[in-house]
Amino acid sequence: MLLLWGSPASAYSAPKTLLVVGDSLSAEYGLARGTGWVALLERKLQAQKLDIRIVNASVSGETTSGGRTRLPALLKKHRPDYVVLELGANDGLRGLPVPSADSNLRAMVKQARDAGARVLLLGIRIPPNYGRDYSEKFFAMYQAISRDEKVGLAPFMLDGVAEKMDLFQADRIHPLASAHPIILNNIWPHLQPILRTK
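This one's a predicted model, so the numbers in the text were calculated from it and none came from an experiment. (Residues numbered from 1 in each chain as written. Predicted model: local features only at pLDDT ≥ 70, side-chain atom pairs only at ≥ 80, totals over all residues. Heavy atoms only, no water.)

1. Focus: the overall build of the chain
Now for step 1: Summing up its helical and strand segments, the chain has eight helices and five strands in all.
Now for step 2: From first element to last, N terminus to C terminus, the chain shows the α and β order α-α-β-α-β-α-β-α-α-β-α-β-α.
Now for step 3: Since a compact globule built from 198 residues should have a radius of gyration of about 16 Å, the 17 Å found for the chain is in line with a globular shape.
Now for step 4: When each of the 198 residues of the chain is scored for burial, the buried share is 49%.
Now for step 5: Accessible surface, the chain: about 10,000 Å² in total, of which carbon and sulfur atoms supply 56%. (Helix = DSSP H or I, 4+ residues; strand = E, 2+ residues; numbered from the N terminus. Rg over C-alpha atoms; globule rule 2.2 N^0.38 Å. Buried < 20%, exposed > 50% of the residue type's maximum accessible area, 1.4 Å probe, protein only. Areas by Shrake-Rupley, 256 points an atom, 1.4 Å probe, with all protein chains shown as cover.)

2. As for the packing of aromatic side chains
Now for step 1: Applying the stated rule across the entire model yields four aromatic pairs.
Now for step 2: Both rings, one in Tyr-134 and one in Phe-138, keep their centres 5.9 Å apart while their planes meet at 45°; by these two values the pair is tilted. Taken together, the positions of Tyr-134 and Phe-138, both in helix H7 (residues 132–149) and four residues apart, correspond to about one turn of that helix. Accessibility assignment for this pair places Tyr-134 and Phe-138 in one class, buried.
Now for step 3: Aromatic ring contacts, followed pair by pair, group Tyr-130, Tyr-134, Phe-138 and Tyr-142 into a single cluster. (Phe/Tyr/Trp six-rings, centres within 6.5 Å; stacked < 30°, edge-to-face > 60°.)

3. A short note on the nonpolar core
Now for step 1: Within the largest apolar cluster, 60 residues are counted, with the highest numbers of intra-cluster contacts made by Leu-18 and Trp-37.
Now for step 2: The dominant element in this core, judged by the number of residues it contributes, is helix H8 (residues 180–195), at seven residues.
Now for step 3: In this structure Trp-37 touches Val-20, Leu-25, Ser-26, Val-84, Leu-122, Met-157, His-180, Ile-183, Leu-184 and Ile-187, once residues within four positions along its chain are discounted. (Core = buried A, V, L, I, M, F, W, Y, C linked by side-chain atoms within 4.5 Å. Contact = heavy atoms within 4.5 Å.)

4. Details of unusual backbone geometry
Now for step 1: Even without glycine at this site, Glu-28 takes up a positive phi of about 60°.
Now for step 2: By secondary structure assignment, the location of Glu-28 is in the loop between strand S1 (16–22) and helix H3 (37–47).
Now for step 3: A positive phi angle, close to 60°, is found at Lys-49, a residue other than glycine.
Now for step 4: Structurally, Lys-49 can be placed in the loop between H3 and strand S2 (52–56).
Now for step 5: A relative accessible area of 73% places Lys-49 in the exposed class.

5. Structural notes on the sheet that holds S2
Now for step 1: With parallel pairing, the five strands of this open sheet are ordered in space as S2-S1-S3-S4-S5. In this open sheet, the two edge strands, each paired with only one partner strand, are S2 and strand S5 (152–154). Across the sheet, the mean angle separating the axes of adjacent strands is 20° when strand polarity is ignored.
Now for step 2: Bridge analysis of S1 against strand S3 (residues 82–86) gives five bridges, and the strand direction is parallel. Across the sheet, the residue bridging to Val-20 is Val-84, located in S3.
Now for step 3: Contacting strand S4 (118–122) and S5, H7 runs over the sheet at an angle of about 160° to S5.
Now for step 4: The strands touched by H8 are S1, S2, S3, S4 and S5; relative to S4, the strand with the most contacts, the crossing angle is about 170°. (Pairing = 2+ DSSP bridges. Axes fitted to C-alpha atoms, helices over the stretch in contact; angles between N-to-C directions.)

Okay, structure coming up:
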């Protein structure tokens, strides 16, 4: 009987786990629960009959440093097959050094990979509050990490949203629920290949 309980078939039928580690853009800040892109992704996976459980560990205000600190415990607890890293916006809005954000994100990619997960990085553009040079270096950081670490990248998750103020809440920082289907459409083409190859 013990052999039956430990049969390989049970392992293959277990759902995969996708861990999202992000900030307010993924934590449904200011939105009704179930209307953010992560919740929309969950419904999309169900519609496509993909047996993947989503753990949304996003925290409003999170920085790359905070994510790096939290990630090891999240990996140990949830043992994800896939990790989506959506961090950096708060570093950029605070004018934190690009090399620090770069180092934190690379460390997170390595931590997730060492735990056996496939990784997708979500890129972000920030307003040129600290000068165009800073904002361009920040945007280019994601492309460099993707290239160097050979990790998937959705180049700009707010593409088609950032330039439309009518898609933002009153703070002009956080997108409305109506923008989140667009955000998911920016992410999905880069996430789908990762989900199909594990």
